[in-house]
Amino acid sequence: MVSEEHRRVLDPERDAAALKALTHPLRIRLLGLLRQDGPATASELGVSTGESSASTSYHLRVLAKYAFVAEAEHRDGRERRWRAVHAVTAWSNEAMESSPGSRALLSMSRRAQIEHLEASLVRHEADIADGRLPQEWVGPSGISDLMPRLTPESLTELREAFALKLEELTARDAGDHRAAQVVLLMAGLALAPRDPAAEPHVQGPTTTPTSTSTPTPTAMATDVEDAS
């Protein structure tokens, strides 16, 4: 769980301009890269994203205007370096339903999370294959696709229990040199029955879990997270 000092909670009414600044896909990607890989220059981010340094520099300045990024310590005086101000940007899902603009951002941010998961899978597989990660990560790494039947209260309780356990384990592993950055994406999306007249039934996983059968919870390139 991210501490409050590293978490920025946005309100769609009070922070409308800041939320609007996040509606550009490249800005979400730049913010995510700074959070994931640490401080960088506009030129370095241009290489990572395939954009020109002029474009990344412009969008970084917009992010800085709304306090998502700030200048970092410079290695030399030649080019400005940027850092993410917060580890997570959060909001209330209910509040985000209040306007078409905030609903669009909510949808876009979730799709950015899915894109980050796909990119992280490619990177993970390459890191294992090329020896950048030890084989001990093969067993615990994986993705599970589960479909339990839960009430809204139970889904909320599950998310809260996961956040508390994550906070506990992160604190425990803080001093362990073997600890590595782990991408966790948690999705809890209720679905209405396709045929309302049909009796609902319990459906199992649509894919076979890995040997550990570990669900994959929340974090992403952007770390833009719902705070329901």
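See the structure above.
As a starting point, this report considers the structure included with it.

What counts and what doesn't
Residues numbered from 1 in each chain as written. Predicted model: local features only at pLDDT ≥ 70, side-chain atom pairs only at ≥ 80, totals over all residues. Heavy atoms only, no water. Axes fitted to C-alpha atoms, helices over the stretch in contact; angles between N-to-C directions. Helix = DSSP H or I, 4+ residues; strand = E, 2+ residues; numbered from the N terminus. Parallel < 35°, antiparallel > 145°, perpendicular 65-115°, else oblique. Left-handed = near helix turned anticlockwise from the far one by under 90°. Contact = heavy atoms within 4.5 Å. Nonpolar A, V, L, I, M, F, W, Y, C, P; charged D, E, K, R; others polar. Phe/Tyr/Trp six-rings, centres within 6.5 Å; stacked < 30°, edge-to-face > 60°. Lys NZ or Arg CZ within 6 Å of the ring centre and 35° of its normal. Polar contact = N/O pair within 3.5 Å; in protein donor to acceptor, adjacent residues only side chain to side chain. Core = buried A, V, L, I, M, F, W, Y, C linked by side-chain atoms within 4.5 Å. Buried < 20%, exposed > 50% of the residue type's maximum accessible area, 1.4 Å probe, protein only. Expected span 1.5 Å × (residues − 1). Pairing = 2+ DSSP bridges.

## Here we look at the packing of helix H3 (residues 42-49) against helix H4 (residues 53-65)
Where H3 meets H4, the axes come as close as 8 Å, and the angle between the chain directions of the two elements is 115 degrees. By the angle between their directions, the pair H3 and H4 is classed as roughly perpendicular. Between H3 and H4 lies a crossing of right-handed hand. Listed contacts from H4 to Ala42, Ser43, Leu45, Gly46 and Thr49 of H3 are Ser53, Thr56, Ser57 and Leu60. Residue composition of the contact of H3 with H4, grouped by class: three nonpolar, six polar and no charged.

## Examining the packing of aromatic side chains
Within this structure, the stated rule accounts for zero aromatic pairs. One cation-aromatic arrangement involves Arg8 over Phe68; the distance from NZ or CZ to the ring centre is 4.5 Å.

## A word on the side chain of Thr49
Topologically, Thr49 is positioned in helix H3. At 3.4 Å, the side chain of Thr49 and the backbone nitrogen of Glu51 are in polar contact.

## Remarks on the nonpolar core
With 22 residues, the main nonpolar core has Leu34 and Phe68 as its most contacted residues. Put simply, the parts of the chain that give this core at least two residues each are helix H1 (16-21), helix H2 (25-37), H3, H4, strand E4 (81-84) and helix H6 (100-129). In terms of residue count, H2 provides more of this core than any other element does, five residues in total.

## Let's talk about H6
An α-helical segment advances 3.6 residues per turn. Residues three or four places apart therefore align on the same side. The end-to-end C-alpha distance of H6 is 44 Å, a good match for the 44 Å that 30 residues give at a rise of 1.5 Å each. All of the buried residues along H6 are Ser102, Leu105, Leu106, Ser109, Ala112, Gln113, His116, Ser120, Asp127 and Ile128. Next to the buried residues of H6 lie H1, H2 and helix H5 (93-96). Once H6 finishes, Gly131 follows within two positions and takes phi at roughly 80 degrees, a positive value.

## Re the pairing of E4
Sheet topology places strand E2 (residues 40-41) next to E4; two bridges connect them, and they run antiparallel. Bridging across to E4, Thr41 finds its partner in Arg81. Examined bridge by bridge, strand E3 (residues 69-71) and E4 share three bridges and lie antiparallel to one another. Its bridge partner being in E4, Ala70 is matched across the sheet by Arg83.

Don't take any of this as a statement about function, it's just geometry.
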